[in-house]
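# Descriptive analysis of the structure
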Amino acid sequence: MTRARALLLVAVLGVSLVAARAAVPSAGPRRHEVRMRSVSFSPAELRVAPGDTVVWRNTDIVRHDAVRPGLFDTGELQSGDSARWVAADTGTFTYRCTIHARMRGRLVVARE
Amino acid sequence: MPRVLRPVALALTLTTLTGACSLFGRSGASTTPAPAASAAAPALSDANIAAIVVAANNADILYADLALAKSQDAEVRGFATMTKKDHQSVNEAAVALVTRLKVTPVDNQVSFDLREDAETKRLVMRDLEGFAFDSAYAANEVTYHTTVLGAIDAALIPSAQNAELKALLVSVRPAVAAHLEHAQGLAAKKTVRGR
């Protein structure tokens, strides 16, 4: 095989692999975790896709909640408790802990 | 000791403790012998720390209950509701931990002073009404959380021997710091000048 043919083969294989990868459907809905710790949400901002699940887990010593009126309300979570919500509509949503005014988070729901 | 002097006494006790801990070099930073006066300061056992934690939380719960009974101000009531919930959570966690560790809280000068100081202040604030109460409550919350935060950093965390007790104190710190920040904002709004 000449050098030119070998290069052509590599190029064709590369294009095929890229095409095949693009054709593979996404892995489906994902699960994301937001920890409540040190009186803050971590991560403070999270990007998810419609259909993904967001889990808020309280690893702090005090109670917290995560509330976006009209969208979700975890209720008060004691240390060790968690609550989940499945994202539907796209958009950017800020939310907060109603117990601790300084605790604020942001969810970006966007198609990948 | 006259009642009016108790708050000062509490501050002095905590200051002495924090000073003693730093002078004793518990962080390992200093090997300089402590002066004789500081060497006489009481050392804190885990059982002492447990009693202080519960007394400190109960003190602010007492203040919060008073605020919820007396204040009509939404911000004051919101702050009191938050601090009460948080201190109850910390107490529950602390009691669960010391029960599991089989540590019986042992009262000491600091825990005694915390209780007596809280009762003294409750009696003073009980007689105040309206804005005067809100202002006194907010100012007291700043003082209380400043003192407790200082004690956590300089005395309680450095003195704790059990790793889980130390971890509990470390996990409490952000909430106390958040309370202090919130209390400072509240006090700024509730001072007579700011009215």
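Every value quoted in this text rests on a predicted model; they were computed, and no experiment measured them. Going along each chain's sequence as written, the residues are numbered from 1 onward. In the order they appear in the text, chains get letters beginning with A and ligands get numbers beginning with 1. Totals for whole chains, interfaces and linings use every residue, but because this is a predicted model, local features are given only for residues with pLDDT of at least 70 and side-chain atom pairs only at 80 or more, for both listing and counting. To obtain the side-chain values, all non-hydrogen atoms of the structure were included, while hydrogens and water were left out.

## Regarding the overall build of chain A
Secondary structure elements follow DSSP: runs of H or I no shorter than four residues count as helices, runs of E no shorter than two count as strands, and numbering proceeds from the N terminus. Across its full length, chain A holds 1 helix and 9 strands. The order of α-helices and β-strands along chain A, N terminus first, is α-β-β-β-β-β-β-β-β-β. Think of it in three bands: with a 1.4 Å probe and only protein chains considered, a residue is buried below 20% of the maximum accessible area for its type, exposed above 50%, and partly exposed in between. Taking all 112 residues of chain A together, 35% fall into the buried category. Contacts in chain A between residues at least 24 apart in sequence constitute 48% of all its contacts with a sequence separation of at least 6. Here a residue-residue contact requires only that any non-hydrogen atoms of the pair lie within 4.5 Å.

## Quick word on the overall build of chain B
When helices and strands are counted, chain B shows 7 helices and 0 strands. Across the 195 residues that make up chain B, the buried fraction comes to 47%. A sequence separation of at least 24 residues applies to 79% of the contacts in chain B between residues at least 6 apart. All accessibility values rest on the Shrake-Rupley procedure with a 1.4 Å probe; residue burial counts only the protein chains present in the view. Summed over its atoms, the accessible surface of chain B is roughly 9,200 Å², and 61% of this surface lies on carbon and sulfur atoms.

## Section: the confidence of the model for chain B
All names here are of chain B. pLDDT is defined as a per-residue confidence score from the predictor, taking values between 0 and 100. Of all residues in chain B, 76% attain a pLDDT of 70 or more, and the chain-wide mean is 83. With pLDDT under 50 throughout, residues 1–9 is counted as low confidence; its partners more than four residues away or in other chains account for 12 contacts. Overall fold confidence (pTM) sits at 0.77, and the ipTM for the predicted complex is 0.73.

## Comments concerning the confidence of the model for chain A
For chain A, per-residue confidence averages 85 on the pLDDT scale, and residues scoring 70 or more make up 77% of the total. Here residues 15–23 of chain A scores under 50 on pLDDT; set against residues more than four positions off or in separate chains, the count is 0 contacts.

## Topic: the packing of helix H3 (residues 46–70) of chain B against helix H6 (residues 130–159) of chain B
All names here are of chain B. Fitting a line to C-alpha atoms yields each axis, with helices limited to the stretch in contact; the angle taken between N-to-C directions then spans 0 to 180 degrees. Direction vectors running N to C along H3 and H6 enclose 165°, while the axes themselves pass 11 Å from each other. By the angle class used here, H3 and H6 are roughly antiparallel. Helix-helix and strand crossings are classified by hand; for H3 and H6 the assignment is left-handed. Facing H3, whose interface residues are Asp46, Ile49, Ile52, Ala56, Asn57, Ala59, Asp60, Tyr63, Ala64, Leu66, Ala67 and Lys70, H6 presents Phe133, Tyr137, Asn140, Glu141, Tyr144, His145, Leu156 and Ser159. When grouped by side-chain class, the residues that make up the contact of H3 with H6 number 12 nonpolar, 4 polar and 4 charged. Throughout, the term roughly parallel applies to angles under 35 degrees, roughly antiparallel to angles over 145, roughly perpendicular to angles from 65 to 115, and oblique to all others. Working rule for handedness: look at the near helix, and if it is turned counterclockwise from the far one by less than a right angle, call the crossing left-handed; if clockwise, right-handed. Residue classes follow a fixed rule: Ala, Val, Leu, Ile, Met, Phe, Trp, Tyr, Cys and Pro count as nonpolar, while Asp, Glu, Lys and Arg count as charged, and any other residue, Gly among them, counts as polar.

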